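Topology and contacts: notes
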Amino acid sequence: MASQPPILQLDRVSLTFGGKPLLAELTCAVHAGERIALVGRNGSGKSTLMKIMAGFVEASSGEVIRARKAAVSYLSQTPDFGSVPTAEAYIFEELTATDDISRARQLADGLSVKLHANPQTLSGGEARRAALAKTLATEPDLLLLDEPTSEMDNKTEMVLLGHLKKIIEDKTVVLVTHKYTML
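Residues numbered from 1 in each chain as written. Predicted model: local features only at pLDDT ≥ 70, side-chain atom pairs only at ≥ 80, totals over all residues. Heavy atoms only, no water.

1. A closer look at the pairing of strand 2 (residues 20-30)
Note the following rule: Here, strands pair whenever DSSP counts at least two bridges between them. Here a strand is any run of E in DSSP of at least two residues, a helix any run of H or I of at least four, and the numbering for each starts at the N terminus.
With seven bridges connecting them, strand 1 (residues 8-17) and strand 2 associate as antiparallel partners. If you follow Thr 16 over to strand 2, its bridge partner there is Pro 21. Following strand 1, the chain reverses through two residues before pairing antiparallel with strand 2; Gly 18 in that reversal takes a positive phi of roughly 55 degrees.

What follows is the structure, encoded as structure tokens:
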């Protein structure tokens, strides 16, 4: 894998909050087909690193390099439903004419998303499944998943993981998890 240029590369990335370094000169690369798990204590910077990779947080120093035309999709720990009226509107709001709408519907169905529900009334697990459907709908080159199974009971989590493994079998994935064998 290393012979091809990485999809994402961080070069000497640092981030400081209030004078305290959270990340110090981190250098790493993500290549096509890799599965990378970020595991660590709460507050150690895993989610912040994911936000840097996704382009939502700017590093204090260093460089984040994404391959040209590489589609990156990010699943946040806390989905922002904004003011959309339904889970369906949330999932489909960013799809373009070139995206496969039927695939997005199949994802939502496979993840048991209540499409006509108001996203503000969904349980934590239901909201997580809607957010996963949205994240996966665009068929990204790189999936950044921040605790994809949080807020789920064990039974729902096992069903979801089985389904998720099939969906992402050929994807490049970086995920934050507290479970070493998740994917």
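The discussion continues.
2. Things to note about the packing of helix 3 (residues 101-110) against helix 4 (residues 124-137)
The geometry of a pair of packed helices is captured by two quantities: the angle between their axes and the separation between those axes. This is how it is decided: For helices, the fitted line uses only the C-alpha atoms of the stretch in contact; every axis is such a line through C-alpha atoms, and the angle between N-to-C directions lies from 0 to 180 degrees. Note that the term roughly parallel is reserved for angles under 35 degrees, roughly antiparallel for angles over 145, roughly perpendicular for angles of 65 to 115, and oblique for everything else. If you view the pair so one helix is near and one far, a crossing is left-handed when the near helix is turned anticlockwise from the far one by less than a right angle, and right-handed when it is turned clockwise. Contact criterion: two residues are considered in contact whenever any of their non-hydrogen atoms come within 4.5 Å of each other. Throughout this entry, Asp, Glu, Lys and Arg are counted as charged residues, while Ala, Val, Leu, Ile, Met, Phe, Trp, Tyr, Cys and Pro are counted as nonpolar. The remaining residues, Gly among them, count as polar.
Contact pair helix 3 / helix 4: the axes reach a minimum separation of 9 Å and the direction vectors enclose 150 degrees. Our classification of the angle between helix 3 and helix 4 gives roughly antiparallel. Classified by chirality, the crossing of helix 4 by helix 3 is right-handed. Residues Arg 103, Ala 104, Leu 107 and Ala 108 of helix 3 lie in contact with helix 4, whose contacting residues are Ala 133, Leu 136 and Ala 137. Looking at the contact of helix 3 with helix 4, its residues break down into six nonpolar, no polar and one charged.

3. Quick word on the sheet that holds strand 6 (residues 142-146)
The strand order across the open sheet built from four strands is 3-7-6-5, with neighbouring strands paired in parallel fashion. Sheet topology places strand 3 (35-38) and strand 5 (72-75) at the edges, where each strand pairs with a single neighbour. When strand polarity is set aside, the average angle formed by the axes of neighbouring strands in this sheet is 10 degrees. One ladder, built from four bridges, connects strand 3 with strand 7 (residues 172-176); its direction is parallel. When the bridges of strand 7 are listed, Leu 38 appears paired with Val 176.

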